[in-house]
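A structural walkthrough
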Amino acid sequence: MTTPTQPLKIAILGAGVAGAVLAHRLSQQPGIELLCLERVGADDHSEAGTGLNVGPNALKALECLDPALAAEVRSASLPWARWTTQLADGTPLFDLPLSEVADNPGIRIRWSELYRVLREAAGSAVRYGCTVTHVGRDPADATRSVVEWTENGQALRQDGIDLLVGCDGRYSQVRQAFSGAPEPRHIGVAILRALVEDTSGGLVDDYGQWFNGAHRLLAFRVKPHHVYIAATFPVEPGAPVRPEWNTEAVMRATWQPTSGQPLSPAMQWLLDALCSQLADSHWARMQESPVRFAEADAGVLYLGDAAHGMAPTLGQGATQALEDACAAAMIIERELAAGRCAPTAWLPLIAAARTERLRFAMDLSVAATDTMLEGADPVAGAQWKTEAPFLADLSRLFREVSLGQEPATTAGASA
């Protein structure tokens, strides 16, 4: 391997999903002076208290990059192997074994556990309790960048950064500094999330959805003994969440089956559990932001939500962040091994590997949100998701990954 004569200065802002994976890999590369700053404390995952499902494609990407880390993630999670959809009264609409559209299962995991596993792998490469106070171009060299932050009460600065990686989320401070805050596109859905103790007695396990008109409950079990629940309400794009939605009376009225039949046992347990947690639940509005991976003239890279905030409908938010990190790490490692040590030359390679893939994942996620929009028919929405075109797209999403090399596909997978 050829290493640069002077260490390359690489700074990663944010040690979430993408940032922690990239920090872990780059910390092992010679010739790199790595700085990774994370705002929360080393053991503080309180802001990641709910659960998520991670698609099979993310596990495939992580396996390509780092089999040992992929094994650690799997051991901290439960497999996502099935997707079912019912009406609130229990009428079945959709039952898909993921083995029909994927080469391997996805996972179900608490956000906090995923962060723990990825941050432990990154080890001392991450500096915690850091508040970034300024980020921008280096006044001495506009092709490089500078970061200022406070840590343990001390003001610190790193200038002359050859590659600045923004992994700092949907409201990225890095992206705002270099290209302005992206204009979000609201999807027309508000989502309420909660994590509850699993007292269901087996009524809830793998990825399930229950509909009453356009209103959906999604739920699945996660380790150690919890159930993640997400409720959705149609909302006019850009409109605020209505306070009355977060009341037990409205929640229970909303989920009374339009069929006139009683709630199914699983749905009754989910509704009771959700209503008991309303005071601690978190609301958000589904939205996406334009894809942007790099500022080539400044040596700036964006990964995860900083590059592409997206609708969570198919579990592709954290999934695509993992794909991003794996692609960036593999491309950078390959270029360094070949003696190509100019970060500005890496950026178009990463953007080329990821941009088309992200737009496909984002478009499919929004299309699959149709059952949650005002006036939606969940029966018709479930029906088209059992037909060949959608299943082919889902197979493409789950089986293919885009890491800047030959696609990791299985023979017969849809192109």
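As the structure is a computational prediction, the values presented were derived from the model and not from experiment. (Residues numbered from 1 in each chain as written. Predicted model: local features only at pLDDT ≥ 70, side-chain atom pairs only at ≥ 80, totals over all residues. Heavy atoms only, no water.)

1. Describing the sheet that holds strand β7 (residues 106–110)
Strand order in the open sheet formed by three strands is β3-β7-β4, with antiparallel pairing between adjacent strands. The outermost strands of the open sheet, each flanked by one partner alone, are β3 (51–54) and β4 (78–80). Strand-to-strand, the axes of this sheet are offset by a mean angle of 30 degrees, without reference to chain direction. The pairing of β3 with β7 spans four bridges and is antiparallel. (Pairing = 2+ DSSP bridges. Helix = DSSP H or I, 4+ residues; strand = E, 2+ residues; numbered from the N terminus. Axes fitted to C-alpha atoms, helices over the stretch in contact; angles between N-to-C directions.)

2. Some details on the side chain of R25
Secondary-structure assignment places R25 in helix α1 (residues 17–26). Among the polar contacts made by the side chain of R25, one reaches the side chain of D66 at a distance of 3.1 Å. Contact partners of R25, with chain neighbours within four places excluded, come to L65, D66, A329 and E333. (Polar contact = N/O pair within 3.5 Å; in protein donor to acceptor, adjacent residues only side chain to side chain. Contact = heavy atoms within 4.5 Å.)

3. A closer look at the state of the cysteines
Counted under the stated rule, the structure contains zero disulfides. As a non-bridged cysteine, C326 has C64 as the owner of its nearest cysteine sulfur, 7.9 Å distant. (Disulfide = S-S within 2.5 Å.)

4. Quick word on helix α4 (residues 111–122)
The end-to-end C-alpha separation of α4 is 17 Å, in line with the 16 Å expected for 12 residues at 1.5 Å each. Of the positions making up α4, those classed as buried are S112, L114, Y115, V117, L118, R119 and A122. Here the buried face of α4 lies against α1, β3, α3 (67–75), β7, β8 (126–127) and α8 (317–337). One or two positions beyond α4, positive phi appears at G123, with a value near 60 degrees. (Expected span 1.5 Å × (residues − 1). Buried < 20%, exposed > 50% of the residue type's maximum accessible area, 1.4 Å probe, protein only.)

5. Let's talk about the sheet that holds strand β17 (residues 282–288)
The pairing of strands in a sheet happens through backbone hydrogen bonds and is either parallel or antiparallel. What the seven strands build is an open sheet, ordered β6-β5-β14-β15-β16-β13-β17; its pairing is mixed. Every other strand in the sheet has two partners, leaving β6 (92–97) and β17 as the edge strands with one partner each. The average angle at which neighbouring strand axes cross in this sheet is 20 degrees, direction not considered. Relative to strand β16 (residues 226–234), strand β15 (residues 215–222) runs antiparallel, the two sharing seven bridges. Counterpart to A219 in the pairing with β16 is I229. Strands β13 (185–197), β14 (207–212), β15 and β16 of the sheet are contacted by helix α7 (residues 265–276), whose axis makes an angle of about 85 degrees with β16.

6. Notes on the side chain of E288
Mapped onto the fold, E288 is located in strand β17. In this structure E288 comes out as buried when scored by relative accessible area, which is 11%. With near-sequence residues (within four places) excluded, E288 lies in contact with R170, E183, P184, R185, I187, G309, M310, A311, M362 and V366.

7. Topic: the packing of α3 against α4
Contact geometry for α3 and α4: axes closest at 9 Å, N-to-C directions at 150 degrees. As far as their axial angle goes, α4 and α3 are roughly antiparallel. Taken as a pair, α3 and α4 cross one another with a handedness that is right-handed. Across the interface between the two elements, L69, E72 and V73 from α3 touch L114, V117, L118 and A121 from α4. (Parallel < 35°, antiparallel > 145°, perpendicular 65-115°, else oblique. Left-handed = near helix turned anticlockwise from the far one by under 90°.)

8. Describing the pattern of salt bridges
Summed over the entire model, instances satisfying the criterion amount to 28 salt bridges. R144 serves as the salt-bridge partner of D162, at 2.8 Å between the closest nitrogen and oxygen. Remark: R144 occurs in strand β10 (residues 141–151) and D162 occurs in the loop between β11 (154–161) and β12 (163–166); sequence separation between them is 18 residues. Classification of D162 by relative accessible area gives buried; the value is 12%. The exposure class of R144 is partly exposed, given its relative accessible area of 30%. Taken together, the shared-partner salt bridges connect R108, D205, D206 and R221 into one network. (Salt bridge = Lys/Arg side-chain N within 4 Å of Asp/Glu carboxyl O.)

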